[in-house]
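Notes for the structure review
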Amino acid sequence: MPNGKAKDRFLKPLVADYEELLGRFQQTESVRFEEFTAIWRNMGFSSVFYGSLAGNEMREFCHLTLTMAFNYFLPPYSFQIRVGGLYLLYGLYHTQLASPKEKIRIALKDWEQIQKFYQDSVNSQHYDAVYIIRKLIAENAVLYTAMPQMLTFRVKKKPQHHKVCEEFRDRPERVKDLISTDMLQEVANIQGHHERLKASVLERSSIAVTQQDLPARLHSCVLEFLHWQDRHENHGDADHLVYAEEKAQQVESSNRAQLLASIKTKSYGCLAEASRSRRHRQVEMDTSISGTGYIKQAPKYHKSRAPSLKARTNKNLCGEGQSPGFRCKVNNSLFDFEAVDPYNDTVRAVVELIRVVHNVNEWHGTQLLLPEQKEGSCVVR
Amino acid sequence: MAAGSSSNVNENIPVFEYKDINTKPFHVGSFRTAWLEKLKPIDYSYEDKYEENEDADFAKEMGIAPETLDELKAICSVDTLRCQAEDEPLDTNVVPPDPTLQTLIQRKKKQDYKGTLRIDKISRVDHYQDELESLAVGKRPEDPVDLVPEGEIILSINVLYPAIFERFRYVRPHMTLQMLGSHSLVDLRDAICCISDLQVFGEFSNTPDMAPDFISKDHFKSAFFYFEGVFYNDMRHPECQDMSETTIDWAKTRDFPTFHKAKMEDTRFYDLKVKVGYPYLFCHQGDCEHVVIITDIRLAHKDDCLDRKLYPLLTHKHRVMTRKCAVCHVYIGRWLTTNDPFAPNDPCLFCERCFRMLHYDKKGNKLGQFLAYPYVDPGAFN
């Protein structure tokens, strides 16, 4: 059993080293293993195991390195960071000095995530990531466990939660999760059903309790938000906006992998997978330029310096539960829902959504107050 | 919101009840089936996978040409991770000079500090204790019948020592056992060595030679485990009583959910519904209670000990200081005397020889008035 104090001692510098490595990897904006190993060699990361560690300390340290590295392999990190985490695990597993080797523990609850990641990598044709996952499993480097760590009910000790590094976090997709393509389809179906029933019951449909174009309006809200996200992250790169237009045509085919792949190509600029309708305009492999023929190097975008933590926190919805953009009061039977941050575009998008959805309920006697002064806020009573 | 595909909660997937502390209860057997469903048999087998087959599968799945595959293998090979040139000698015991990694900076500080100390003696016992974990690693049985089957569950169970003194609480002395899923609870019970099993009751000053004949393990055979509201009693022998009866009856009168009973020998680990990381109870000898925590449940791996006969496997055991004889300070105390005019303090420990020499004459007659009890030192299992 690892000595608690020793573990804490090792923890902080180790996490600092990981974040340094992954930060550099993130800046290369690529998911290629060669880039990763270049950084690895540059930092001399294999030496993290050197130094005489007495007795069982070496084994415990190796165990700790693998456990901490595994955190970067799971959501909420962005795809690039997750690939970096995978490479990190591979590197650590092979350069560790404990014998027999400490294994990578994969808990049952994380298996789904890993399968999705694998599938996404296969779909996006990231040969090296796929090869490495397969190799790790084939080499018996994995222990299939119930829980990622051994649990010994240490309640008194402050549990060391893994702090998610904000810079590596994936783009918040809350609006997209809220209004997914499945949901839009469902809404459209229900609407159609409703219209049909209405037509069969009444001769003239003068009563309209629903917005006729509700799905379209919801959809346009979501797209607007996505556009805004893209604009904000890539500073008006034309390819992205064009790409987003193509996305709009394909929402009906609710293909989750496509959505994900499109967002991912915006996050890292390595492999631009054209959507199905534009497959004929797919960028061809350029074997003449580099020796590695199986990858195509799309022109790298110059990402500007990442905004500060404060700016980002203000921009995104807070991840811990309470969103700073909204305030909600319940007085008697009234429900006051007030958006207090009109400058937050995300908030504005959601307010728009509320407006659209609220219109459905208009006949219930609820009121939607839209104070003129505060654009982007609304009060629902 | 119908969009939530995460609302499909599978009960057999262990999740945290309190993050990093313990999980919600789940059924061990179903957990195993859940894993086996998700994996291909080759993933958890003990055999080495042939590289050619693996490469062929990969190439087929991704649809790439053999040349690309070779290139890919070269790029992703482990050699690319090597930070030294091949011919440079490498001393992994020393932190490299001018480290840039924070871990190494910290380690170098410690190494430099250690260098300034005098030679510190590593206790031989501690050294061997660390080795205990790796003692049985990779052992294969001679008889293939005894091989742990692939896809078997291995549980790691911590059994804490009963008397934990206030000031030693943070250390939590315990023993760690590894068990197979197909073992029953009686196997666990038999593997737990507690000194209270070896206690001999009774006062033996008049008959010092008769002492070792009665040990508590033979007298009081009842025991029970408590997991998730169920008491598992040991009913193998006719003299075993149901010790959980009292607790269950008491609980009925109070505001507790009803507890159930089951037999220890009929329950295998696969049938249990437990929380990982949560303390449970093992009680024997009527009042000797041990806290039992299941720390880990996983599928068996090639590098584990694969010999069924070696399980339950002891991987860790806290060493307890032994109390020596008050006279010679060499041998471990075997007798405890009270009301003894010969002894410097009350009660007093003696080893066998000093005890005889001091309290009995050459013919074996008792000298003086005293009470003597056989003493079993807690460090007897070291």
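Residues numbered from 1 in each chain as written. Chains lettered and ligands numbered in written order. Predicted model: local features only at pLDDT ≥ 70, side-chain atom pairs only at ≥ 80, totals over all residues. Heavy atoms only, no water.

**Considerations on the environment of Cys325(B)**
Residue and element names in this part refer to chain B. Within the secondary structure, Cys325 sits in the loop between β12 (313-317) and β13 (335-338). Cys325 sits 25 residues away from Phe350 along the chain, and the two C-alpha atoms are 4.5 Å apart. Once residues lying within four places of it in the same chain are set aside, the contact partners of Cys325 are Tyr331, Ile332, Gly333, Leu349, Phe350, Cys351 and Cys354. (Helix = DSSP H or I, 4+ residues; strand = E, 2+ residues; numbered from the N terminus. Contact = heavy atoms within 4.5 Å.)

**Some remarks on the interface of chain B and chain A**
Counting residues at the interface gives 83 residues for chain B and 81 residues for chain A. At the boundary of chain B with chain A, total buried surface from both sides reaches about 7000 Å², with 64% on carbon and sulfur atoms. Inspection of the chain B/chain A interface yields three salt bridges. Across the pair Glu112(A) and Lys38(B) runs a salt bridge whose closest N-O atoms are separated by 3.6 Å. (Buried area = accessible area lost by both parts, 1.4 Å probe. Salt bridge = Lys/Arg side-chain N within 4 Å of Asp/Glu carboxyl O.)

**A few points about the side chain of Arg59(A)**
Checked against the element boundaries, Arg59(A) lands in helix α3 (residues 57-71). Polar side-chain contacts of Arg59(A) include one of 2.4 Å to the side chain of Glu102(A). Those residues in contact with Arg59(A) that sit more than four places away from it in its chain are Ala98(A), Ser99(A), Pro100(A), Glu102(A) and Glu133(B). (Polar contact = N/O pair within 3.5 Å; in protein donor to acceptor, adjacent residues only side chain to side chain.)

**Thoughts on the sheet that holds strand β15 (residues 371-374) of chain B**
Residue and element names in this part refer to chain B. Reading across the sheet, the three strands line up as β14-β13-β15 and stay open at both edges, with antiparallel pairing between neighbours. Each edge of the open sheet is held by one strand with a lone partner, namely β14 (348-350) and β15. Neighbour-to-neighbour, the strand axes of this sheet turn through a mean angle of 30°, independent of strand direction. Judged from the three bridges that link them, β13 and β14 form a sheet pairing that is antiparallel. If you follow Trp335 over to β14, its bridge partner there is Phe350. (Pairing = 2+ DSSP bridges. Axes fitted to C-alpha atoms, helices over the stretch in contact; angles between N-to-C directions.)

**With respect to the confidence of the model for chain A**
Detailed reading of the predicted model is not advised wherever pLDDT is low. Residue and element names in this part refer to chain A. The pLDDT averaged across chain A works out to 70; a share of 57% of its residues lies at or above 70. Within chain A, no element has a lower average pLDDT than strand β3 (residues 326-331), which sits at 45, and none a higher one than strand β1 (residues 104-107), at 90. Contacts from residues 235-245, a stretch scored under 50 in pLDDT, to residues over four places away or in other chains number 19 contacts. Confidence over residues 319-337 falls short of pLDDT 50; this stretch has 38 contacts with residues more than four positions distant or in other chains. (pLDDT = per-residue confidence, 0-100.)

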